[in-house]
Amino acid sequence: MSSDDTPDAADSEAGIDRREAVREKAQQVHTRQSRARLARRSGLGVLALGAVAAVAVVVTWTVSTAGARPQLSPTNASGDGFVVADVVSGAVSSDLTAEAAVPVPTETPEAAEAEATPAPSTSAAPPVEIRVYVDYLSAGARDWQVANAAQLTSWVDDGAVTLSYYPVAMLTAKSNGTKYSLRAASAAACVATNSPDAFFAFNNELLVRQPEVDTDGYSDVQLADMAQATGVDATKQVRECIESGSYAAWAKSATERAVAGIPETDGLSLTGTPMVLVNGKQYIGDMSDPAEFSQFVLTSASDAYYRSAPTPTPTPTATPAP
């Protein structure tokens, strides 16, 4: 019996050894697979972390660059407006002088003799301040400019008024998506900054040759060509400024400031263009009637004169001898 049991025991032990060997090998394979999975996961994590870090670097660089790049503002703007210091000869087209300029009326000798206090005159009164808010796509702004360009030229040349234009962009959405009002206002700022002597002529050209509402308007290249045709200096700088829209952001901000409130007025804010202010008071007359506007200017000049003139001191008269 014992001789018969010995082979079976040996076979049993061999079977156990084989199973243990298979189990151990399987355990080794499982361990290697686990390590491989862990390595892959670690690699993916490192790659993801690297990608996030790269994105963070790009975002940080973009934000810091944008923050370091200041918004361009016209260097010679005064409260978002541009003073017309001089009118270049020939700036007003001949076709605008069909209706003669209406001069600011002055006193007559008879009136001077009849009144005890001095009458206002352009020489005695301080210059009248005229501020004009214009959108270069506004038909009303064109009408006012065409009607008054000639007499404005005369008044500026005579030193009777200080004239300032404020380019704004109220009608940016009315040009088939080209934002013409904004681009034209930016172009006006480019000329006022780089060639101020040509500003009045370019401003006048933009208004007189105004495109129709709901059209594309002029391209930036065409605006630069118009500026060059008005005789700007620094032609290269003006063209680069216009074609790159250097002052578009400024024009948008200036419009928002005017809508929020106009300085040195009795609570006025920009609601449409043109808005014409004479010594801080809004002109609400006929925009196409130069005589009516001239009378409004004269009245404002008279008010300014009486506010600034000293109170006359009575002259004593001799008492007759008894």
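Rules and cut-offs
- Residues numbered from 1 in each chain as written.
- Predicted model: local features only at pLDDT ≥ 70, side-chain atom pairs only at ≥ 80, totals over all residues.
- Heavy atoms only, no water.
- Helix = DSSP H or I, 4+ residues; strand = E, 2+ residues; numbered from the N terminus.
- Buried < 20%, exposed > 50% of the residue type's maximum accessible area, 1.4 Å probe, protein only.
- Contact = heavy atoms within 4.5 Å.
- Expected span 1.5 Å × (residues − 1).
- Salt bridge = Lys/Arg side-chain N within 4 Å of Asp/Glu carboxyl O.
- Core = buried A, V, L, I, M, F, W, Y, C linked by side-chain atoms within 4.5 Å.
- Arc of directions from axis to C-beta.
- Pairing = 2+ DSSP bridges.
- Polar contact = N/O pair within 3.5 Å; in protein donor to acceptor, adjacent residues only side chain to side chain.
- Disulfide = S-S within 2.5 Å.

Participant: Account for the overall build of the chain, naming residues and giving values.
Facilitator: Along the backbone of the chain there are nine helices and five strands. Reading the helices (α) and strands (β) of the chain from amino to carboxyl end gives α-β-α-β-α-β-α-α-α-α-α-β-β-α. Within the chain, buried positions represent 35% of all 322 residues. Taking the intrachain contacts of the chain between residues at least 6 apart in sequence as the baseline, contacts between residues at least 24 apart amount to 74%.

Participant: Got a sec to walk through helix 8 (residues 248–260)? Specific residues and values, please.
Facilitator: If you check helix 8, its first and last C-alpha atoms are 19 Å apart, about what 13 residues at 1.5 Å a residue would give, namely 18 Å. Taken together, the buried positions of helix 8 are Ala248, Trp250, Ala251, Ser253, Ala254, Thr255 and Ala258. Where helix 8 is buried, its residues contact strand 1 (82–83), strand 2 (128–134) and helix 4 (180–194).

Participant: Hey, could you go over the pattern of salt bridges for me, with residue numbers and the actual values?
Facilitator: In total, this model carries eight salt bridges according to the counting rule given. The residue arginine 183 makes a salt bridge to aspartate 220 at a minimum N-O spacing of 2.8 Å. Separated by 37 residues along the polypeptide, arginine 183 in helix 4 and aspartate 220 in helix 6 (residues 220–229) bring together distant segments of the chain. Of the charged contacts in the structure, one is a salt bridge between lysine 252 and glutamate 256, with a shortest N-O distance of 2.7 Å. On the criterion of helical spacing, the pair formed by lysine 252 and glutamate 256 is a turn pair, its members being four residues apart in helix 8. With relative accessibility at 48%, the residue lysine 252 sits in the partly exposed group. When its relative accessible area of 43% is taken as the criterion, glutamate 256 is described as partly exposed. Taken together, the salt bridges that share partners define one network made up of Asp225, Arg239 and Glu243.

Participant: Lay out the nonpolar core with the relevant residues and their values.
Facilitator: Within soluble globular proteins, side chains that are nonpolar tend to cluster in buried spots. Counting residues in hydrophobic clusters, the biggest one holds 56 residues, and the most contacted among them are Ile130, Leu163, Tyr165, Ile242 and Phe293. Here the element with the most residues in this core is helix 4; it accounts for 10 residues. Apart from the residues lying within four places of it in its own chain, the contact partners of isoleucine 242 are Ala187, Cys190, Val191, Asp220, Leu223, Ala224 and Ala227. Judged by nonpolar contacts, the second largest core, of eight residues, contains Tyr133, Tyr166, Leu270 and Met275.

Participant: Provide a residue-level description of helix 7 (residues 235–243), including the pertinent values.
Facilitator: Those residues of helix 7 that sit buried are Val238, Cys241 and Ile242. Angularly, the buried residues of helix 7 cover 95° about the axis, an arc narrow enough to put them on a single face. Elements in contact with the buried residues of helix 7: helix 4 and helix 6. Positive backbone phi, approximately 60°, marks glycine 245, located one or two places after helix 7.

Participant: Help me get a handle on the sheet that holds strand 1, residues and values and all.
Facilitator: Read across the open sheet, the five strands follow the order 1-3-2-4-5; overall the sheet is mixed. Of all strands in the sheet, those with a lone pairing partner are strand 1 and strand 5 (281–282), marking the two edges. Pairing of strand 1 with strand 3 (residues 161–167) involves two bridges; the strand directions are antiparallel. Paired with phenylalanine 82 across the bridge in strand 3 is tyrosine 165.

Participant: Can you lay out the environment of serine 186 for me, pointing to particular residues and giving the numbers?
Facilitator: Along the chain, the position of serine 186 falls in helix 4. Taking the C-alpha atoms as reference points, serine 186 and alanine 169, 17 residues apart in sequence, are found 9.3 Å from one another. The residues contacting serine 186, other than those within four sequence positions of it, are Gly245, Ser246, Tyr247, Ala248 and Ala251. Engagement of the side chain of serine 186 in a polar contact is seen with the backbone nitrogen of alanine 248, the distance being 3.3 Å.

Participant: How would you sum up the state of the cysteines? Please name residues and give values.
Facilitator: In the structure shown here, the tally under the stated rule is one disulfide. Through a disulfide, cysteine 190 is tied to cysteine 241; the S-S separation comes to 2.0 Å. The S-S bond linking cysteine 190 to cysteine 241 shows a torsion near -75°; that makes this disulfide left-handed. Linking cysteine 190 in helix 4 with cysteine 241 in helix 7, this pair joins segments that are 51 residues apart in sequence.

Participant: Please provide a residue-by-residue account of unusual backbone geometry, values included.
Facilitator: Trans peptide bonds make up most of the peptide bonds, and negative phi angles are found at most residues other than glycine. A cis amide bond links threonine 273 with the next residue in sequence, proline 274, at an omega value of 0°. When you line up the elements, proline 274 lands in the loop between helix 8 and strand 4 (275–278). In the Ramachandran plot, lysine 179 falls in the positive-phi region, its phi being about 55° despite a non-glycine side chain. Structurally, the position occupied by lysine 179 is in the loop between strand 3 and helix 4.

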